[in-house]
Amino acid sequence: MSDQNPAADKSHKSDTKQGLSNPGASPTVGFVSLGCPKALVDSERILTQLKLDGYQVSPSYNGADVVVVNTCGFIDSAKQESLDAIGEAIAENGRVIVTGCMGKDESAIKAVHPSVLAVSGPQQYEEVVTAVHTYVPPPAKDQHNPFVDLVPPQGIKLTPRHYAYLKISEGCNHRCTFCIIPSLRGDLASRPVGQVLDEAERLVKSGVKELLVVSQDTSAYGVDIKYRTGFWQGRPVKSRMHEMCDAMSELGAWVRLHYVYPYPHVDHTIPLMAEGKILPYLDIPFQHASPSVLKNMKRPAHQEKTLDRIHRWREICPDITLRSTFIVGFPGETEDDFNMLLDWLDEAQLDRVGCFKYSPVEGAKANDIANPVPEEVQQERWERFMEKQQGISTAKLAQKVGKRMPVLIDEVDAEGAIGRTKGDAPEIDGLVYLNGEFNVKAGDIVDVDITHSDEYDLWGDVHRIQ
Ligand code: SF4
C-alpha cells in the first residue's frame, strides 16, 4: 500500500490453492500472503521461484513440509495480524519461515514466536528461497527440470487469472512523516522498462485482461535511473511513466494506474486515457487539502494547485475516474484545516474516496508533531467527511444510470454475475451487479446497461444484440 492507509488496500490472506500434481513426489510449501498488492506481487515471485525449483505448493498447513508467511508491517494492527498468522502457522504446522515488511523487525517476531525458522525482509526473494532450501531441500536436479516441468510462463498468480498487479518499482524517495515505508523498503529503485513490459506481455498472453500498475510512487517511475532508455520488442522505450504506459497500451489489456502524485508531468499521460489507450482512472492519494497539514505530512507535490490540475484533467478526459485517500485528525489539524478539506471535496468532486483516522505508526516522525487530535474529534471529523463524500459518490453514480458501459466480470455466484467498470479497481472500488446473469464468466468484458445505483455500487443488465 503506497499511501499508508490501513484500509486503502484490503489484506490478502490466503493459503494458496495450487493443486498437487504429484503429491508425495516433491517437497511441499504452504504459503500465507498478507498485506498490500505489492506484497502480493512479492508472494507471486517467491512462489514462482519455488515452483521452478521443484516444490509443490500445499493447499493446507497439514500437507506442507514448511510454511512461508509473507507479513505486513505497516501499521500496528497489521503487525498484530502478521503475528497472529505466524502463530496460527506454528500451531498448525510447526515449521515456519517469515518474510515481508514485518521481517525487518526480526527481534519483535522472535520475541513472540521464538520457534520461527528464519526471518527475512521485503523483496528478499533469495533469502526466503534459500531458507526454504535449507529447511526443506529441493528435489535433486535429475528429478526436476524447470524447462520440462509445467510452470506457467507468467508465474504463479494469487490474484484471479484475469487481473494482475504489476510492480514497476520498489521503495520511495519521499519522507512523508506518517510513513515508515522508506525505512522498510529503501529509496526508489525502478525496474528496467523492458523487464516491466516483458512481464506485462507474458501476463496478457496468459489471459490477464487487466494490469494494475503499482509502486509506492508510480509518477516517479524512472527518476532514479534518469529515465534510462530500455528496449522492448526491439525498439527503444524510455523508463518514464508516460512512455511505459503508451507501450503497455499496445497489449490490448486494461491498464490501471495506482499511486500517482499530482506532478505536472502527469498531465501528459491524461491524453492516453482520453484516447482509450489506458483506463481513464487515476488513483492519486491526496491525503489532505490544507497546505499546513500537507506541509506537516511532508507530502510529495504538496505545493501543486491540485484543484486546477483536476479541472484540467477533466477537460482533457471528461470520463476520468479519480480515486483518492485521505487522513483526518492528523496531528495539528485544526477545525479550519478540516473545513478546508470539506470545501475542497465539494470542489474536487472525486469519484472514489477512502478516509482514515490518523493512527500513529511506531517509528514515524508524525508522532512528534504537536497538538494531536483527540480521538472523539477524529471520529466526529471522519463521520462528517464520510457523509460529505457519500453524497458526492451517490450523485456521481446516479449519473451513470441509463448509460451503457463495458464491465469486466470478476465472478459469477448463485445470484448472478459481478463485475467492474473501467472506473472501479478490484478490491477497493465499487461493483456492478448483474443479477440473474449466468451466461458470462470471470474475465469476460461485456457491455452493460446501467439501471440502478446506490452510494457505492451499480446494477445493470448485459446488452445483447437482438
Ligand atoms: S513516504 Fe510518502 S510517498 Fe513514499 S511510500 Fe510513504 S506515504 Fe507514499
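Quick notes on the rules
Residues numbered from 1 in each chain as written. Predicted model: local features only at pLDDT ≥ 70, side-chain atom pairs only at ≥ 80, totals over all residues. Heavy atoms only, no water. Pairing = 2+ DSSP bridges. Helix = DSSP H or I, 4+ residues; strand = E, 2+ residues; numbered from the N terminus. Contact = heavy atoms within 4.5 Å. Axes fitted to C-alpha atoms, helices over the stretch in contact; angles between N-to-C directions. Buried < 20%, exposed > 50% of the residue type's maximum accessible area, 1.4 Å probe, protein only. Parallel < 35°, antiparallel > 145°, perpendicular 65-115°, else oblique. Left-handed = near helix turned anticlockwise from the far one by under 90°. Nonpolar A, V, L, I, M, F, W, Y, C, P; charged D, E, K, R; others polar. pLDDT = per-residue confidence, 0-100. 1 Å grid on protein atoms, 1.4 Å probe; cavity = no way out; pocket = protein on both sides within 12 Å on 5 of 7 lines; lining within 4 Å. Points joined across faces, edges and corners; volume = space filled by probe spheres on them. Expected span 1.5 Å × (residues − 1). Arc of directions from axis to C-beta. Polar contact = N/O pair within 3.5 Å; in protein donor to acceptor, adjacent residues only side chain to side chain.

A. The arrangement of the sheet that holds strand β5 (residues 118-119) in detail. Across the sheet, which stays open at both edges, the five strands sit in the order β2-β1-β3-β4-β5 with parallel pairing between neighbours. Each end of this open sheet is capped by a strand with a single partner; those strands are β2 (56-57) and β5. As paired strands, strand β4 (residues 96-100) and β5 are joined by two bridges and run parallel to one another. Each bridged residue has a counterpart across the sheet, and for Ile97 the counterpart in β5 is Ala118. Sheet strands touched by helix α1 (residues 37-52): β1 (28-33), β2, β3 (66-71) and β4. Its angle to β1, the strand with the most contacts, is close to 175 degrees. With respect to the sheet, helix α2 (residues 76-92) is in contact with β3 and β4, its orientation differing from that of β3 by roughly 175 degrees.

B. Just the pairing of strand β18 (residues 432-435), in detail. Burial of the side chains of β18 is restricted to one face: Val432 and Leu434 are buried, whereas none of Tyr433 and Asn435 on the reverse face is. Pairing between strand β17 (residues 416-420) and β18: four bridges, direction antiparallel. Residue pairing for β18: Ala417 is matched across the bridge by Leu434. Where β18 lies against strand β20 (residues 458-462), two bridges are found, and the strand directions are parallel. Within β20, the residue paired with Val432 across the bridge is Leu458.

C. Region of the structure containing the packing of α1 against helix α4 (residues 125-135). At a minimum axis separation of 10 Å, α1 and α4 run at an interaxial angle of 45 degrees. Taken together, α1 and α4 sit at an angle that is classed as oblique. Considering the relative orientation of α1 and α4, their crossing is right-handed. Side by side, α1 and α4 meet where Asp42, Arg45, Ile46, Gln49 and Leu50 of the first sit next to Tyr125, Val128, Val129 and Val132 of the second. Across the contact of α1 with α4, the residue classes break down as six nonpolar, one polar and two charged.

D. Local environment of unusual backbone geometry. Even without a glycine there, the phi angle at Tyr259 is positive, about 55 degrees. By the element assignment, Tyr259 lies in the loop between β12 (254-257) and α8 (270-274). Of note, the phi angle at Asn371 is positive, near 60 degrees, even though the residue is not glycine. Relative to the elements of secondary structure, Asn371 occurs in the loop between β15 (352-357) and α12 (375-398).

E. The arrangement of the confidence of the model for the protein chain in detail. Averaged over all residues, the pLDDT of the protein chain equals 88, while 90% of them reach at least 70. Segment residues 1-24 is flagged for pLDDT under 50; beyond a separation of four residues in sequence, or across chains, it makes 86 contacts in the model. Within the model, the stretch residues 144-148 combines pLDDT values under 50 with seven contacts to residues more than four positions away or in other chains.

F. Looking closely at the layout of surface pockets. Considering only enclosed or pocket space, the largest pocket measures out at about 680 Å³ in volume. If you trace the largest pocket, you find 28 residues lining it, with Pro280, Asp319, Ile320, Thr321 and Lys400 closest to the centre. Of all elements in the fold, only β12, α8 and β16 (404-413) reach the threshold of two or more residues within the lining of the largest pocket. Of the residues in the lining of the largest pocket, the class split is 13 nonpolar, seven polar and eight charged.

G. Quick look at helix α11 (residues 335-348). Compared with an ideal rise of 1.5 Å per residue, which puts 14 residues at 20 Å, α11 spans 20 Å between its outermost C-alpha atoms and is within 8% of the ideal. Considered for burial, the residues of α11 that qualify are Asp337, Phe338, Leu341, Leu342, Trp344, Leu345 and Ala348. The buried residues of α11 occupy an angular sector of 160 degrees when projected down its axis, which confines them to one face. When the buried face of α11 is taken as reference, the exposed residues oriented beyond 90 degrees from it are Asp336 and Asp343. Where the residues of α11 are buried, they touch α9 (291-297), α10 (306-316), β14 (321-328) and α12. Backbone geometry just downstream of α11 places Gln349 in the positive-phi region, at approximately 50 degrees.

H. Structural detail: the sheet that holds β16. Ordered by their spatial adjacency, five strands build a closed barrel running β16-β17-β18-β20-β19, and the pairing between neighbours is mixed. Adjacent strand axes in the sheet meet at a mean angle of 50 degrees, parallel and antiparallel pairs treated alike. As paired strands, β16 and strand β19 (residues 445-453) are joined by five bridges and run antiparallel to one another. Each bridged residue has a counterpart across the sheet, and for Val407 the counterpart in β19 is Val446.

I. Up close: the side chain of Arg256. Relative to the assigned elements, Arg256 resides in strand β12. Taking relative accessible area as the criterion, Arg256 reaches 0% and is therefore assigned buried. A distance of 2.7 Å separates the side chain of Arg256 from the backbone oxygen of Lys422, its partner in a polar contact. A polar contact of 3.0 Å, which involves the side chain of Arg256, links it to the backbone oxygen of Asp424.

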